[in-house]
Amino acid sequence: MSKLSEQDIEKYLLRFPDWTYSNNAIHVEFEFDNFKDCFSAMSRIAFECEALNHHPNWTNIYNTLSISLSTHDAGGVTKKDFKLAEAIETIVEVQE
Ligand SMILES: C[C@H](O)[C@H](O)[C@H]1CNC2=NC(N)=NC(=O)C2=N1
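Attention here is on the structure that accompanies the text.

Basis of the calculations
- Residues numbered from 1 in each chain as written.
- Predicted model: local features only at pLDDT ≥ 70, side-chain atom pairs only at ≥ 80, totals over all residues.
- Heavy atoms only, no water.
- Buried < 20%, exposed > 50% of the residue type's maximum accessible area, 1.4 Å probe, protein only.
- Helix = DSSP H or I, 4+ residues; strand = E, 2+ residues; numbered from the N terminus.
- Arc of directions from axis to C-beta.
- Contact = heavy atoms within 4.5 Å.
- Pairing = 2+ DSSP bridges.
- Axes fitted to C-alpha atoms, helices over the stretch in contact; angles between N-to-C directions.
- Expected span 1.5 Å × (residues − 1).
- Phe/Tyr/Trp six-rings, centres within 6.5 Å; stacked < 30°, edge-to-face > 60°.
- Left-handed = near helix turned anticlockwise from the far one by under 90°.
- Nonpolar A, V, L, I, M, F, W, Y, C, P; charged D, E, K, R; others polar.
- Near = heavy atom within 4 Å.
- Polar contact = N/O pair within 3.5 Å; in protein donor to acceptor, adjacent residues only side chain to side chain.
- Areas by Shrake-Rupley, 256 points an atom, 1.4 Å probe, with all protein chains shown as cover.

**Observations concerning helix H1 (residues 6-13)**
Here is step 1: Listing the buried residues of H1 in full gives Ile9, Tyr12 and Leu13. Around the axis of H1, the buried residues are gathered within 100° of arc, so they sit on the same side. Across H1 from its buried face, at more than 90 degrees, point the exposed residues Gln7 and Lys11.
Here is step 2: Taken together, the buried residues of H1 touch strand S1 (20-22), strand S2 (25-31) and helix H3 (79-95).

**A word on the sheet that holds S1**
By definition, the strands of a sheet pair up through backbone hydrogen bonds, in either a parallel or an antiparallel sense.
Here is step 1: Here we have four strands laid out as an open sheet, ordered S1-S2-S4-S3, and antiparallel in their pairing. Strands with a single pairing partner mark the edges of an open sheet, and in this sheet they are S1 and strand S3 (57-61). When the angles between neighbouring strand axes are averaged without regard to direction, this sheet yields 20°.
Here is step 2: Judged from the five bridges that link them, S3 and strand S4 (residues 64-69) form a sheet pairing that is antiparallel. Among the inter-strand pairings, Trp58 is bridged to a residue of S4, identified as Ile67.
Here is step 3: This element, helix H2 (residues 35-52), spans S3 and S4 of the sheet and lies at about 160° to S3.
Here is step 4: Relative to S2, H3 is tilted by about 10°, and along the sheet it contacts S2 and S4.

**What to know about H3**
Here is step 1: Along its 17 residues, H3 runs 25 Å from first to last C-alpha, staying within 8% of the 24 Å computed at 1.5 Å per residue.
Here is step 2: By the burial criterion, the buried members of H3 are Asp81, Phe82, Leu84, Ala85, Ala87, Ile88, Glu89, Ile91 and Val92.
Here is step 3: Structurally, H3 contributes buried residues whose contacts are with H1, S2, H2 and S4.

**So, the packing of aromatic side chains**
Here is step 1: Tallied over the full model, the rule gives five aromatic pairs.
Here is step 2: Members of the aromatic cluster, connected to one another through ring pairs, are Tyr12, Phe16, Trp19 and Phe82.

**Focus: the packing of H2 against H3**
Packed helices, taken two at a time, are described by the angle their axes make and the gap between the axes.
Here is step 1: Two elements in contact, H2 and H3, have axes separated by 10 Å at closest approach and are oriented at 150°. Pair H2 / H3 crosses with right-handed handedness. Facing H2, whose interface residues are Asp37, Ser40, Ala41, Arg44, Ile45, Glu48, Cys49 and Leu52, H3 presents Lys83, Leu84, Ala87, Ile88, Ile91 and Gln95.
Here is step 2: Residue classes in the contact of H2 with H3 are distributed as eight nonpolar, two polar and four charged.

**Looking at the site of the ligand**
Here is step 1: Around the ligand sit Asn53, His54, His55, Ser70, Thr71, His72 and Asp73, and those are all the residues in its vicinity.
Here is step 2: Between His55 and the ligand, the recorded distance is 2.8 Å, taken from a backbone N or O atom to a nitrogen atom.
Here is step 3: Measuring from an oxygen atom of the ligand, one finds a backbone N or O atom of His72 at 3.1 Å.
Here is step 4: Protein coverage of the free-state accessible area of the ligand, which is 390 Å², stands at 64%.
Here is step 5: In terms of residue class, the shell around the ligand is made up of no nonpolar, six polar and one charged.

Quick look at the structure:
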């Protein structure tokens, strides 16, 4: 899958207001009520990643989850990243 142009990325990002683009990846940070809710979301996201065979770089500190998505093989952002971003948004929206 080929890397999207910055122009295409900006266009996609209009549908993802919480996400930003920098350093060849898209990024988001979520804050939950507590660690349990955060880790529960991470578990749900993990199943989706396996289903899509696409995986995030992420960091969890207590109730915050920071996620960066890029396609390593392409060296940048592809449609796969936006597909996973969409799944993540659905999971987090349902849970919040
Ligand atoms: C073999 C397998 O398809 C690859 O290693 C996949 C797995 N998950 C991946 N995840 C991400 N984010 N980028 C990749 O290039 C990637 N490649």
